[in-house]
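Listed below, chain by chain, are the residues.
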Amino acid sequence: MSLMSALSAAVSGLRTTQAGINLVSQNVANADSAGYTRKIIQPVQTLNGAQSSGVKTGAVQRAMDDMLVRQLNTETSGAGYANTRAEFATALGRLFGTPGEASSLDDAMKR
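Scoring rules and cut-offs
Every chain's residues receive numbers from 1 upward, in the order its sequence appears when written. Owing to the predicted nature of the model, reporting of local features is limited to residues with pLDDT of at least 70; listing and counting of side-chain atom pairs is limited to 80 or more, with chain, interface and lining totals taken over all residues. Processing note: side-chain calculations cover all non-hydrogen atoms of the structure and skip hydrogens and water entirely. Secondary structure elements follow DSSP: runs of H or I of four or more residues count as helices, runs of E of two or more count as strands, with numbering from the N terminus. Accessibility here uses a 1.4 Å probe with only protein chains present; expressed as a share of the type maximum, an area under 20% marks a residue as buried, one over 50% as exposed, and anything in between as partly exposed. Here a residue-residue contact requires only that any non-hydrogen atoms of the pair lie within 4.5 Å. Each accessible area value is a Shrake-Rupley result obtained with a 1.4 Å probe; residue values ignore everything except the protein chains displayed when judging cover. N or O atoms closer than or at 3.5 Å make up a polar contact, with two conditions inside protein: a donor-capable atom paired with an acceptor-capable one, and, for residues adjacent in sequence, both atoms drawn from side chains. Without a salt bridge and with relative accessible area above 30%, a residue can belong to a patch; like charges are then joined within 9 Å and nonpolar side chains (Val, Leu, Ile, Met, Phe, Trp, Tyr) within 5 Å. By convention in these notes, a salt bridge is any Lys or Arg side-chain nitrogen within 4 Å of a carboxyl oxygen on Asp or Glu. For a helix, the expected span equals 1.5 Å multiplied by the number of residues minus one.

Asker: Describe the overall build of the protein chain, with residues and values.
Answerer: From N to C terminus, the protein chain includes three helices and two strands. Listed by position from the N terminus, the elements making up the protein chain come as α-β-β-α-α. Here the protein chain, with 111 residues, has 10% of them falling under the buried criterion. In the protein chain, of all internal contacts separated by at least 6 residues, the share reaching a separation of at least 24 is 27%. Of the roughly 8900 Å² that the protein chain leaves accessible, carbon and sulfur atoms contribute 60%.

As structure tokens, then:
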């Protein structure tokens, strides 16, 4: 490995590390932001033939907990179900009236 290739590999490592530091600072700055998910960078080794010639910044990925995503989906569907039932009960209340009122279904059945 020549001196220039060694320096090039070192510089690529420093650039990748700097990108990682920038991403960590974004994660810390946005930790309290609603809807923000932590992001990570996967460094990728670059090859020159059979020899390593350094690293490069890979894709930025969102780090999400699968169990929390499943729980969020479950709770969201449960809230939708409860909302649909509440809307249905409200519609029935409007249709048949409040029990005991003169215009309600039970009052009409008494007559």
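Asker: I'd like a rundown of the side chain of serine 12, residues and numbers included.
Answerer: Relative to the helices and strands, serine 12 resides in helix α1 (residues 3-29). There is a polar contact of 2.8 Å between the side chain of serine 12 and the backbone oxygen of alanine 9. Those residues within four positions of serine 12 in sequence are excluded, and the remaining contacts are Ser53, Gly54 and Val55.

Asker: Describe a nonpolar patch on the surface, naming the residues involved and giving the relevant values.
Answerer: On the surface, Phe88, Leu92, Leu95, Phe96, Leu105 and Met109 cluster together into a nonpolar patch covering about 640 Å² of accessible area. Taken together, the elements giving at least two residues each to the nonpolar patch come down to α2 (66-96) and α3 (105-110). With four residues, α2 is the largest single contributor of residues to the nonpolar patch. Its place among the elements puts leucine 92 in helix α2.

Asker: Which residues make up α1, and what values go with them?
Answerer: A rise of 1.5 Å per residue sets the reference length of α1, with its 27 residues, at 39 Å; its end C-alpha atoms lie 39 Å apart and thus fit the reference within 8%. Residues of α1 that are buried in the fold lie against β1 (39-48) and β2 (51-62).

Asker: Go over the environment of glycine 49 with me, naming the residues and quoting the values.
Answerer: Inspection of the secondary structure assignment puts glycine 49 in the loop between β1 and β2. The exposure class assigned to glycine 49 is exposed, which follows from its relative accessible area of 66%. A C-alpha to C-alpha distance of 26 Å links glycine 49 and alanine 19, two positions 30 residues apart in sequence.

Asker: Go over the environment of alanine 108 with me, naming the residues and quoting the values.
Answerer: Positionally, alanine 108 belongs in helix α3. Since its relative accessible area comes to 45%, alanine 108 is described here as partly exposed. Taking the C-alpha atoms as reference points, alanine 108 and alanine 89, separated by 19 residues in sequence, lie 20 Å from one another.

Asker: For α2, give the residues involved together with the corresponding values.
Answerer: For α2, which comprises 31 residues, the first-to-last C-alpha distance of 45 Å matches the rise-based estimate of 45 Å (1.5 Å per residue) to within 8%. Phi turns positive, to about 80°, at glycine 97, one or two residues after α2.

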